Amino acid sequence: MRLEIAVLSGPAILIFLAFVIFPVALAAYYGFYRWHGYGAPTEWVGLNNYKLILTDPAFQQVLSHNGLILVLSLVIQGPLAITLALLLNQKIRGRSIIRVLIFVPYVISEVIVGTGWSLMLQSNGAVNDLLQHMGLGSLQAEWLSNPKLALWTLMGIISWKYIGFAVILMLAGLQSIPDELFEAASLDGASYWQIQRRITLPLLGPTIRIWAFLSIIGSLQLFDLVFIIWGPYVAGTAGTSTMAIYMVAQGRNAGNYGYGSAIAVVMFLISLIVALIYQRFVLRRDLKGAVTEGTV
């Protein structure tokens, strides 16, 4: 039995070590040097790179951006996804088409999404032009460059892009709830909202917690949409820069790969700590009993 487990799990473990653990360890090693990306690193700086990261106001600012994106993603997408899932779980005309339309943005490439929205949200783009033709010219704005609007613009794009994934997860969770529970509650005189509050949401809890975990990790590692729409330098002035954008700007673009590697390690540690805390205090009830002893 142990030999079978080793044979079956061995390739996956080797791939995990080669493409996850080894790059992280290598990044941690480079983080102790001032390295320009070629040749062997020789200029040892110890923990100076890590000290600079933790004391740099720019990093603290991008960390706050990631934190705000994390909170807003949960607050905006969560209730909206649950509401849409409850609606699409009903027998309504055109339900399948609506489901497809909601899910389509999620499967579109980030490059296409970022390029399309960046063109539409320009000063002379489609959004401002549409507002002008609708007689709402007073609502025209610099959606991408105004620091007071740029982060909210980013949240709108993120919500539009990823809400489909959350809705599909919620629908899958709703499908696992037996209809008999709803029928019994209705016979007992429970209203629709009482049924959703007392039955649906508690039983949908594991799905919500899994989605929230994926949303949290995605928010901490957000890079592609910001890089495509704003770029590493405009994002800093527009107030949409994230830790990953900061890593590219200060690492690769500045030619200081040692510092960039240190930023990558800090990002990894932040994500790991958040994941462990979330698993320990939030997912514990879902994981409890999932692994049993004495089964081999």
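Scroll up to find the structure.
Let me sum up the structure you'll find in this document. (Residues numbered from 1 in each chain as written. Predicted model: local features only at pLDDT ≥ 70, side-chain atom pairs only at ≥ 80, totals over all residues. Heavy atoms only, no water.)

Comments concerning the environment of Asp188
Looking at where Asp188 falls in the secondary structure, it is placed in the loop between helix H8 (179-187) and helix H9 (192-220). Residues Asp188 and Met120, 68 residues apart in the sequence, show an inter-C-alpha distance of 52 Å. (Helix = DSSP H or I, 4+ residues; strand = E, 2+ residues; numbered from the N terminus.)

Points about the pattern of salt bridges
Taken as a whole and assessed by the stated rule, the structure comprises two salt bridges. A salt bridge links Arg34 to Glu43, with the shortest nitrogen-to-oxygen separation between them at 2.6 Å. The exposure class of Glu43 is partly exposed, given its relative accessible area of 39%. Across the pair Lys161 and Glu110 runs a salt bridge whose closest N-O atoms are separated by 3.7 Å. Residue Lys161 is located in helix H7 (residues 147-175), and its partner Glu110 is located in helix H5 (residues 110-120); the two are separated by 51 residues in the primary sequence. For Lys161, a relative accessible area of 0% translates into the label buried. Judged by relative accessible area, which is 22%, Glu110 ranks as partly exposed. (Salt bridge = Lys/Arg side-chain N within 4 Å of Asp/Glu carboxyl O. Buried < 20%, exposed > 50% of the residue type's maximum accessible area, 1.4 Å probe, protein only.)

As for the packing of helix H2 (residues 48-55) against helix H13 (residues 257-281)
Look at H2 against H13: their axes get within 9 Å of each other, and the N-to-C directions meet at 65°. The hand of the H2/H13 crossing is right-handed. From H2, Asn49, Tyr50, Leu52 and Ile53 reach across to H13, where they touch Gly258, Tyr259, Ala262, Ile263, Val265 and Val266. Looking at the contact of H2 with H13, its residues break down into eight nonpolar, two polar and no charged. (Axes fitted to C-alpha atoms, helices over the stretch in contact; angles between N-to-C directions. Left-handed = near helix turned anticlockwise from the far one by under 90°. Contact = heavy atoms within 4.5 Å. Nonpolar A, V, L, I, M, F, W, Y, C, P; charged D, E, K, R; others polar.)

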